[in-house]
Amino acid sequence: MISAAASRRAHELGAQRVAFVIATVVRARRPASAHAGDAAIVLADGTIEGFVGGSCAEHSVRAYALSAIETGEPLLLRIVPFDGVAATSMPEQAAEEVSREEGVVTVQNPCLSGGEIEVFLEPVLPAPRVVVAGETPIAAALRRLAAEIGFDAVAEGTPVVGALGVVVASHGRDELTLLRAALEAGVPYVGLVASRPRGGGVIAELRADGVPSELLESIDVPAGIDIGARTPAEVAVSILAKLIAARRQSGWSAPAHAPSVTAVDPICGMTIAAGGATLSLELDGERYWFCCEGCRSQFEARRHAGAGA
């Protein structure tokens, strides 16, 4: 069970729009060092705050937690003892993972001393950010309803880089600068609340200002799906539908983390996170990653013995 301190930490990270995973041990079989209820927070850089097992179990938790951050999907990670098959005889990337089904991955841990643990990995990602410009009734309705869908609707002045959408509903006030910034930042959805004639005029101004035509084509004007909307709330609903589609179709993900990168320990075959605090060694221009100092030392000894042969 996550402690009060960890709960406060999770709230703090959420307020900072930082992606993380809550890792909770839901089952443990002796002699595993972890117990059911042990929990930790795993940050996007691989840092583990809390306890979910020894150093070898941590490597598996770290690697799959980073994957959960990247996919946004929760995962049950089962860590079982190594079955004795030499890791070097198994295909790369399959040395540790022994089965995968929807929502569940089972891995063999060469270091686990006979015990087993199951860890539930729950990613907590920043809500998709939508910048809404304007103090009009439509802008107000959009901010209000966006929260119900799980979007983080913020006012103009918030950076547009990394946002899912930018909606300009200011009726002619300071439109050009924000639209151009959103287009150049590659925001998946850029909407302008305007009639077709006025929207065409705005696009013509942006084109005259040097904005490429291929970018201008992505402006949704009039913003939203044509559902015959009349009231501000109805217009807001039609725009939110476009934002939902943009989120699903663009594969948008929270930009608060770097893509996870994993490697296989060349000695024990464990899948580990490549980077952060993970032990590594660079030889002949190639970097190798290890679960522990013992594996790294064994690798160095083998390489030195081979070089001296």
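Below: a short report on this structure. What you are looking at is a predicted structure, and each value in this text was computed from that prediction instead of being measured. (Residues numbered from 1 in each chain as written. Predicted model: local features only at pLDDT ≥ 70, side-chain atom pairs only at ≥ 80, totals over all residues. Heavy atoms only, no water.)

To continue, consider the overall build of the protein. Looking only at helices and strands, the protein features eight helices and 16 strands. The burial tally for the protein puts 42% of its 309 residues in the buried class. Considering only contacts within the protein whose residues lie at least 6 apart along the sequence, 62% involve residues at least 24 apart. Total accessible area computed for the protein in this model is approximately 15100 Å², and 53% of it derives from carbon and sulfur atoms. (Helix = DSSP H or I, 4+ residues; strand = E, 2+ residues; numbered from the N terminus. Buried < 20%, exposed > 50% of the residue type's maximum accessible area, 1.4 Å probe, protein only. Contact = heavy atoms within 4.5 Å. Areas by Shrake-Rupley, 256 points an atom, 1.4 Å probe, with all protein chains shown as cover.)

Moving on, we come to the side chain of E118. With respect to the helices and strands, the residue E118 is situated in strand β7 (residues 116–124). Within polar-contact distance, the side chain of E118 engages the side chain of R78 at 3.5 Å. (Polar contact = N/O pair within 3.5 Å; in protein donor to acceptor, adjacent residues only side chain to side chain.)

One pass over the full model with this rule turns up two aromatic pairs. Consider the rings of Y288 and F299, whose centres lie 4.7 Å apart with planes at 45 degrees: the pair is tilted. With Y288 in strand β16 (residues 286–290) and F299 in helix α8 (residues 293–308), this pair connects stretches of sequence that are eleven residues apart. With relative accessibility at 8%, the residue F299 sits in the buried group. Ring geometry for F290 and F299: centres 5.3 Å apart, planes at 50 degrees, overall tilted. The same class applies to F290 as to F299, namely buried. (Phe/Tyr/Trp six-rings, centres within 6.5 Å; stacked < 30°, edge-to-face > 60°.)

Reading across the sheet, the five strands line up as β9-β8-β10-β11-β12 and stay open at both edges, with parallel pairing between neighbours. If you trace the sheet from one side to the other, it starts and ends with β9 (152–155) and β12 (219–220), each paired once. Where strand β8 (residues 129–133) and β9 come together, four bridges link them in parallel fashion. By the bridge assignment for β9, V130 is matched with A153. Packing against the sheet, helix α3 (residues 137–149) makes contact with β8, β9 and β10 (165–168), and its axis sits at approximately 165 degrees to β8. (Pairing = 2+ DSSP bridges. Axes fitted to C-alpha atoms, helices over the stretch in contact; angles between N-to-C directions.)

Take a nonpolar patch on the surface next. Taken together, the side chains of I225, I227 and V237 define a hydrophobic patch exposed on the protein surface, amounting to about 250 Å² of accessible area. Residue position: I225 is located in the loop between β12 and α7 (232–250). A relative accessible area of 37% means that I225 is categorised as partly exposed. (Patch = residues over 30% accessible without salt bridge, like charges linked within 9 Å, V, L, I, M, F, W, Y side chains within 5 Å. Salt bridge = Lys/Arg side-chain N within 4 Å of Asp/Glu carboxyl O.)

On to the nonpolar core, then. General note: in soluble globular proteins, nonpolar side chains tend to be found buried as a group. Ranked by size, the top nonpolar core spans 27 residues in total, and within it V61, Y64, L77 and L121 carry the most contacts. Elements that contribute at least two residues to this core include exactly β1 (20–29), β2 (39–43), α2 (55–71), β4 (75–81), β6 (104–109) and β7. The element best represented in this core is α2, accounting for eight residues. If you look at the next biggest cluster of nonpolar residues, it comprises 22 residues, including V168, L178, V190 and I219. (Core = buried A, V, L, I, M, F, W, Y, C linked by side-chain atoms within 4.5 Å.)

Turning to the side chain of T136, a few remarks are in order. Within the fold, T136 resides in the loop between β8 and α3. What makes T136 buried here is its relative accessible area of 9%. For T136, the side chain forms a polar contact with the main-chain oxygen of A169, separated by 2.8 Å. Beyond its immediate sequence surroundings of up to four residues, T136 is in contact with A169, S170 and H171.

Regular strands place their side chains on alternate faces of the sheet. The sheet contact formed by strand β15 (residues 279–283) and β16 spans five bridges and is antiparallel. Across the sheet, E282 pairs through a bridge with R287, a residue of β16.

Next up on the list: helix α1 (residues 4–15). The end-to-end C-alpha separation of α1 is 17 Å, in line with the 16 Å expected for twelve residues at 1.5 Å each. Taken residue by residue, α1 has A6, A10 and L13 as its buried positions. All buried residues of α1 fall inside an arc of 65 degrees around its axis, so they share one side. Set apart from the buried face of α1 by more than 90 degrees, the exposed residues are A4, R8, H11 and A15. Directly beyond the C-terminal end of α1, a positive phi value near 55 degrees is found at R17. (Expected span 1.5 Å × (residues − 1). Arc of directions from axis to C-beta.)

Moving on, we get to the pattern of salt bridges. Any two side chains of opposite charge can pair if their charged atoms end up close together. Counted under the stated rule, the structure contains 13 salt bridges. With its nearest N and O atoms 3.2 Å apart, the salt bridge here joins R17 to D152. Linking R17 in the loop between α1 and β1 with D152 in strand β9, this pair joins segments that are 135 residues apart in sequence. On the basis of relative accessible area, D152 is assigned to the partly exposed category, the value being 24%. Sharing partners across several salt bridges, the network here consists of R27, R29, R78, E116 and E118.

Spatial relationships are all this shows, so hold off on functional conclusions.
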